[in-house]
Amino acid sequence: MPYLTGTTPITANTNLRTGLGVPGYAHPLLAPAEWGELTRPGTPVHWVVLNVADGPGARPDPHCLQAAGMLHNAGVRVLGHLDTAHLDAARLDTAGGARAFGEVISEAQRYLDWYRVDGFFLDRCPTERAALPEVRRTVTTLRALRDEAHIVLGHGSHPHPGYAECADQLVTFRGSWSDYRWSQVAEWTADYPPDRFCHFVHGVPLGHLDEALRIARWQGAATVWFTDRTDRGRIDPWEAMPGYWDEIVSRIGTGVSE
């Protein structure tokens, strides 16, 4: 598959406006300030992933209900987190961690019934061509459950190009700053506008924030999540707000990355 280097621009769209896609903070009870910041006027948030308990949980959570309601009132999309790891029609009844189609759709329905989500984030989404029909089946069913559902496929790397035809956005990079600054972008992504792609990068130092924003723009990704948190130990780098939250909001909100 052809790739372009991270220093080669794939879009000449000077009107591109970068925004934040939040992979999912810690539970609102544990991080109330973080969730509150997402509704601050002028914060350039495209969407926020709601992950109650590795999914929607067994019953409605009042703290998550409140957080989702605040985001909806602020005009921010809320996406339900669905783990699609190993979702494959040929493995529905086998062991080894495969998730059945019906299980994923059941979780999606609970998100809709309890939290009125605006769409879904399909985490650990496959990238290979062979899994494309099953992912397409899942996305088609999700759209039938919720009109105009916003669907983000959380691949974490460049998938087969066919995935771009069945979702609103693809996460084509998820990883460390040390990898991102030398990353390459698949050539086929140039056939799509930047608002179709997302990048999640951890371990980005404040001094390199502008550089990271330029890389995202040159690689054609309009939705980003950059954080100085790292994945050292067993800490999830996405669960906490970046230490430079005000700085990244200011840079993106004023179009510095452009």
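Attention in this report is confined to the structure presented alongside it. Model, not experiment: these values are computed from the prediction. In this numbering scheme, every chain counts its residues from 1 along its sequence in written order. The model is predicted, so local features are restricted to residues of pLDDT at least 70 and side-chain atom pairs to those at 80 or more, both for listing and for counting; the totals for chains, interfaces and linings are taken over all residues. Only hydrogens and water are removed before side-chain values are computed, so all heavy atoms of the structure are retained for them.

**As for the overall build of the protein**
Helix and strand assignments come from DSSP, with helices taken as H or I runs of at least 4 residues and strands as E runs of at least 2, each series counted from the N terminus. Looking only at helices and strands, one finds 7 helices and 10 strands in the protein. Counting across all 258 residues of the protein, residues that qualify as buried make up 51%. In what follows, residue pairs with any heavy atoms lying within 4.5 Å of each other are defined as contacts. The long-range share in the protein, meaning contacts at least 24 apart out of those at least 6 apart in sequence, stands at 74%. Entry remark: accessible area of the protein is about 11700 Å², with carbon and sulfur atoms responsible for 49%. Partly exposed residues are those whose accessible area sits between 20% and 50% of the maximum for their type, while under 20% is buried and over 50% is exposed, using a 1.4 Å probe and protein chains only. Surface accessibility follows the Shrake-Rupley procedure with a 1.4 Å probe radius. Residue values consider only the protein chains on display as shielding.

**Examining the layout of surface pockets**
Of the two site types, the cavity is a set of points on a 1 Å grid over the protein atoms alone where a 1.4 Å probe fits but cannot get out, and the pocket is an open set with protein on both sides within 12 Å along at least five of seven lines, each lined by residues with an atom within 4 Å of a point. Grid points are joined across faces, edges and corners, and a volume is the space filled by probe spheres set on the points. Of the voids in this model, the largest pocket is the one considered here, and its volume is about 390 Å³. Pro23, Asn51, His81, Asp123 and Asp236 are the residues nearest the centre of the largest pocket, which is lined by 18 residues in total. Listed by contribution, the elements that provide at least two residues to the lining of the largest pocket are strand 4 (77–83) and strand 5 (119–123). A per-class count over the lining of the largest pocket returns 7 nonpolar, 4 polar and 7 charged. Residue type decides the class: Asp, Glu, Lys and Arg count as charged, Ala, Val, Leu, Ile, Met, Phe, Trp, Tyr, Cys and Pro as nonpolar, and the leftover types, Gly among them, as polar.

**What about helix 7 (residues 245–253)?**
For helix 7, the set of buried residues is Trp245, Ile248, Val249 and Ile252. All buried residues of helix 7 fall inside an arc of 100° around its axis, so they share one side. Next to the buried residues of helix 7 lie strand 2 (19–22), helix 1 (32–37), helix 6 (209–218) and strand 10 (223–226). The directions considered for the arc are those from the helix axis to the C-beta atoms.

**A few points about the nonpolar core**
Grouped together as the largest cluster of nonpolar side chains are 74 residues, with contacts concentrated most on Phe120, Leu153 and Phe226. Take this core: its biggest share by element is 7 residues, from helix 3 (residues 101–115). The contact partners of Leu153, leaving out residues within four places of it in the chain, are Leu122, Cys125, Val135, Val139, Tyr163, Cys166, Ala167, Gln169, Leu170 and Val171. What we call a nonpolar core is a set of buried Ala, Val, Leu, Ile, Met, Phe, Trp, Tyr and Cys residues that are connected through their side-chain atoms within 4.5 Å.

**Things to note about the packing of aromatic side chains**
Here a pair means two rings of Phe, Tyr or Trp (six-membered ring of Trp) with centres within 6.5 Å. Their orientation is stacked below 30 degrees between planes, edge-to-face above 60, and tilted elsewhere. What the rule picks out here adds up to 15 aromatic pairs. Ring centres of Trp47 and Phe200 lie 6.2 Å apart, and the angle between their planes is 65°; on these two criteria the pair is classed as edge-to-face. Of this pair, Trp47 sits in strand 3 (residues 45–50) while Phe200 sits in strand 9 (residues 197–202), and the two are 153 residues apart along the sequence. Taken individually, Trp47 and Phe200 each receive the classification buried, so the pair is uniform in this respect. Each ring, one from Trp225 and one from Trp245, has its centre 6.1 Å from the other, and the planes form 50°; the classification is tilted. Of the two residues, Trp225 is situated in strand 10 and Trp245 in helix 7; the sequence distance between them amounts to 20 residues. Here a set of aromatic residues connected by ring pairs shows up, and it is made of Tyr25, Trp35, Trp225 and Trp245. We count a charge as sitting over a ring when the NZ of a lysine or the CZ of an arginine lies within 6 Å of the ring centre and within 35 degrees of the ring normal. Over the aromatic face of Phe101 sits the side chain of Arg137, whose NZ or CZ is 3.7 Å from the ring centroid.

**Quick look at the side chain of Asp118**
Tracing the backbone shows Asp118 in the loop between helix 3 and strand 5. For Asp118, the contacting residues outside a window of four places in its chain are His72, Val76, Arg77, Val78, Leu79, Arg146, Glu148, Ala149 and His150.

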